[in-house]
Amino acid sequence: MVALILVDLQNDFLPGGALAVPEGDAVVPIANRLQPGFEVVVATQDWHPANHGSFAANHPGKRVYDEVKLGGLPQTLWPVHCVQNTKGADFAPGFDRRRIQQVFQKGIDPEIDSYSGFFDNADRRSTGLSEWLKDKRVREIYIAGLATDYCVRFTAFDGLGLGLRTHVIEDACRGVNVQPGDVERALREMRSAGVEVLHSNELKIG
Ligand code: VGL
Ligand code: ZN
């Protein structure tokens, strides 16, 4: 089976949101168009408690994009975003969720961030996605969503690590680019690790 994984299509990652990804809204119609071409469609949702350690506001004296240690790992500090049960954590308006079979939430533990849809950044806890895909006999994944240089990238690397044939649909993703070139670098790293980076028009669907 082949699965489409739609990463973090949430208000806070859209223009105007707390952690706005430039042109993040542009991927929503592409994500909608892609879905009917896949037998399995799932979504991830960044889902932080208000006291989450990735928020600069929870580190007195620190600013957004500063680096700290969290759970023993280097952690970039972010604006408060995707707080559980807030509008910012809701899925993007216009995101068609009728075909989504399961939503996997991540970033729940205040002591560790979770960019990947599969495991937290220290690989301590699973979101359940890997087990769920295995149960459905999924061997190949296509990834789309936000942000290319964080959650898409980490999800793709974990996909490879799990032995899944992993594809990233480049035009169905947008990145943060905290440093100029981060998105290009992420795409290059994914390609050299064995991820197929493709354009949605190469898929004979939709
Ligand atoms: C993300 C930074 C912090 C993402 C989530 O979805 O890429 N980035 N939390
Ligand atoms: Zn987050």
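So, here's what we can say about the structure. All residue numbers refer to position in the chain's written sequence, counted from 1. Chains and ligands are labelled by the order in which they are written, letters from A for the one and numbers from 1 for the other. In keeping with the model being predicted, local features are shown solely for residues with a pLDDT of at least 70 and side-chain atom pairs are shown and tallied solely at 80 or more, while totals for entire chains, interfaces and linings include all residues. Side-chain measures here rest on the full set of heavy atoms in the structure, leaving out hydrogens and waters.

**Focus: the pairing of strand β2 (residues 40-46)**
Here is step 1: Each residue's exposure class comes from its accessible area (1.4 Å probe, protein chains only) as a fraction of the maximum for that residue type: buried when under 20%, exposed when over 50%, partly exposed otherwise. Strands here mean DSSP runs of E at least two residues long; helices mean DSSP runs of H or I at least four residues long; both are numbered from the N terminus. Among the 7 residues of β2, 7 are classified as buried, and the element is accordingly described as predominantly covered.
Here is step 2: Neither face of β2 is open: one carries V40, V42, T44 and D46, the other V41, A43 and Q45, and all of them are buried.
Here is step 3: Think of it this way: DSSP has to see at least two bridges between two strands before they count as a pair. In the sheet, strand β1 (residues 2-7) pairs with β2 via 5 bridges, with the strands oriented parallel. By the bridge assignment for β2, V7 is matched with T44.
Here is step 4: For a crossover, the right-handed case is the one in which the path from the first strand over the helix to the second runs clockwise, viewed with the strands pointing away from the viewer. Traced from β1 through helix α1 (residues 27-34) to β2, the parallel crossover comes out right-handed.
Here is step 5: Examined bridge by bridge, β2 and strand β5 (residues 102-106) share 5 bridges and lie parallel to one another. Paired with A43 across the two strands is V103, which belongs to β5.

**Remarks on the sheet that holds β1**
Here is step 1: Here we have 6 strands laid out as an open sheet, ordered β5-β2-β1-β6-β7-β8, and parallel in their pairing. Edge positions in the sheet fall to β5 and β8 (196-198), since each of these pairs with one other strand and no more. Ignoring which end each strand starts from, the neighbouring axes of this sheet average 25° apart.
Here is step 2: Across 6 bridges, the pairing between β1 and strand β6 (residues 140-146) is parallel. The residue bridging V2 from the neighbouring strand is E140, located in β6. Comment: axis = line fitted to C-alpha atoms, over the contacting stretch for helices; angle = value between 0 and 180 degrees taken between N-to-C directions.

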